[in-house]
Amino acid sequence: MPVSEGMISALIDLRRVDGERLVVQLTGQLRSLIATGRLGKGRALPSSRRLASDLGVSRNTVTYAFEQLAAEGYLEASHGRRPVVTFDGGERVQGPRVVTSRLGSRNPRLSPWASRLKQTDWPMSYQAPLKPLRPGHGDFREFPNDVWARCLRRSIVRAAKRDLGLVNRTRLREALAHYLATSRGVRATAEQILILPSAQAALTLIAAALITPGDEVWVENPGYPGATAAFRASGARVTGIGLDGQGMQRMPGLPPPALIFMTPSHQHPTGRLMSLSRRTEFLGPSRPDKAWIVEDDYDGEFHYDSRPVPALQGLDAHGRVFYVGTFSKAMTSDIRLGYLVAPPALAGTLEIAQRHIGLIAASHIQEALAEFIVDGHFLAHLRRMRRLYHARRDHLVEGLQRHLGEVLSVEVPSGGIQLVARLKHGRADQAAVKRLIDAGVEARALSSLSLGRPRDHGLLLGFAAWRESEINAALRTMASCF
Ligand SMILES: Cc1ncc(COP(=O)(O)O)c(C=O)c1O
């Protein structure tokens, strides 16, 4: 149900006992009211003064929450005016009718994990249908569905013949160990590989197994919000580490982290490549003591300008690196398969945790994928997509430079599926993204991927999923918007 203005403060439940900062709780709860459509698009919120007084918190707390949500694209907040909701949570999620009875409560007591997860949830706008130039996707229309269907069928027929016999759970792991060694320089036995429903599942599993509340975790800033959400939910204190020309910085002055999350092959979102010397610094004798490193190679299959730089995991002599991958980008996001290469000392423990949490991928899909890889279809698909996406990257870069060079400066990534175009002349990206979305072009605001006050403003634009004709149409729309 949409909520009236007077009820907004009644729906916010700030707890002063569980160690979570009020501002984080307030931001998370407002975000979820907007994302679920209960505070609909166009709705004016109370002023910061009024909401602060209703909730009994400082005005700074409310102002910061409004600013953060404005940076993420949920609100428009300008000085001296009440903030207005700009995100369309849609009718679809008006939410179940709230049941209040002696047995039910509107604010059930949650575990610290669930409370933190609710507050660090990242925007779920991606549930809406895909529109050009949404980032983060390959072109699933190009996926060889006929070949995949044959692999699936054979896997199901084999399962039927096997009767009650055991499924072969090592075939995919062996095929992956070989593929990762030859194409990404990953050094792993099949026993170190865990097959999971997604890369996000791998991050959740690592966080559950390794994070003690209060642990320091470093992530890239700007970076991938899914990683921040997973580590924060486990109670980590997440610090955003800035980038320079060589990738994530070292920051020897900060307290040493328990874990570092990074995307060294194509930094998410900027597409930058971490230099070899920076990689060795993170792994060498001066490495942050005892820190685990999680290397997320979410789109490492796609490189265009030079030979791919081998994975950081392959350089690790101390058994400290986890390597995470996904088939969401290389095949289709509907396949729901990702994987984790664990350091040898942790593979057994993580496998037990995987079974207890139940993060198991369907056996017949695992078998079909093993066949798809072993018979060469996976590499053939990647080769074709690399050519296609390379041409699309060049097409988008050239179009942006030609038609929007006055307002945008493009960072050309050497690989991957998306790129960042920075806004010139100090323009803010949230307003630009809103205008584009209203005109039918999807982009993601770079500032929404920052931790803390965003310093970078730009557009994250996808190129891999979009045909040249779709890119051209989007460029025309963009030119008319700026
Ligand atoms: C950097 C990064 N890692 C991981 C993922 C998630 O992959 P999956 O769909 O397998 O969870 C994404 C998805 O966009 C991503 O951008």
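Residues numbered from 1 in each chain as written. Predicted model: local features only at pLDDT ≥ 70, side-chain atom pairs only at ≥ 80, totals over all residues. Heavy atoms only, no water.

As for the nonpolar core
Then, number 1: Counting 63 residues, the largest nonpolar core has Phe 327, Leu 400, Leu 461 and Met 478 as the members making the most contacts within it.
Then, number 2: Shared between two domains, this core takes at least three residues from each, and those domains are domain 2 (145-376) and domain 3 (380-481).
Then, number 3: Sequence-distant contacts of Leu 400, that is, excluding residues within four places in its chain, are made with Gly 405, Leu 408, Val 410, Leu 419, Ala 421, Leu 461, Leu 475 and Met 478.
Then, number 4: Core analysis: the second largest hydrophobic core is formed by 32 residues, Leu 210, Ala 230, Ala 236 and Leu 340 among them. (Core = buried A, V, L, I, M, F, W, Y, C linked by side-chain atoms within 4.5 Å. Buried < 20%, exposed > 50% of the residue type's maximum accessible area, 1.4 Å probe, protein only. Domains from an automatic or database assignment. Contact = heavy atoms within 4.5 Å.)

Some points on the domain arrangement of the protein chain
Then, number 1: You can read the domains of the protein chain as domain 1 (5-95 + 108-113), domain 2 (145-376) and domain 3 (380-481).
Then, number 2: Counting residues at the interface gives 28 residues for domain 2 and 25 residues for domain 3.
Then, number 3: Between domain 2 and domain 3, a total of about 2200 Å² is buried, with carbon and sulfur atoms accounting for 57% of that surface.
Then, number 4: Together, Pro 269, Phe 302 and Tyr 304 form the three largest contributors to the area buried by domain 2 at its contact with domain 3, with a combined 29%.
Then, number 5: Counting across the interface, domain 2 meets domain 3 through 2 salt bridges.
Then, number 6: For Asp 305, the salt bridge is made with Arg 393, and the minimal N-O distance between the two is 2.9 Å. (Buried area = accessible area lost by both parts, 1.4 Å probe. Salt bridge = Lys/Arg side-chain N within 4 Å of Asp/Glu carboxyl O.)

What to know about the sheet that holds strand E13 (residues 418-423)
Think of a sheet as strands paired side by side through backbone hydrogen bonds, with each pair either parallel or antiparallel.
Then, number 1: With antiparallel pairing, 4 strands are arranged side by side in an open sheet as E12-E13-E15-E14. Two strands close off the open sheet at either side, each with one partner strand: strand E12 (408-411) and strand E14 (444-445). (Pairing = 2+ DSSP bridges. Helix = DSSP H or I, 4+ residues; strand = E, 2+ residues; numbered from the N terminus.)

Observations concerning the packing of helix H1 (residues 22-35) against helix H3 (residues 59-71)
The axes of two packed helices give the description: the angle between them and the distance between them.
Then, number 1: Running from amino to carboxyl end, H1 crosses H3 at an angle of 45°, the nearest separation of the two axes being 9 Å. Taken together, the axes of H1 and H3 lie oblique to each other. The way H1 lies across H3 gives a crossing that is right-handed. Contacts from Leu 22, Val 23, Leu 26, Thr 27, Leu 30 and Arg 31 of H1 reach H3 at Thr 61, Val 62, Tyr 64, Ala 65, Phe 66, Gln 68 and Leu 69. (Axes fitted to C-alpha atoms, helices over the stretch in contact; angles between N-to-C directions. Parallel < 35°, antiparallel > 145°, perpendicular 65-115°, else oblique. Left-handed = near helix turned anticlockwise from the far one by under 90°.)

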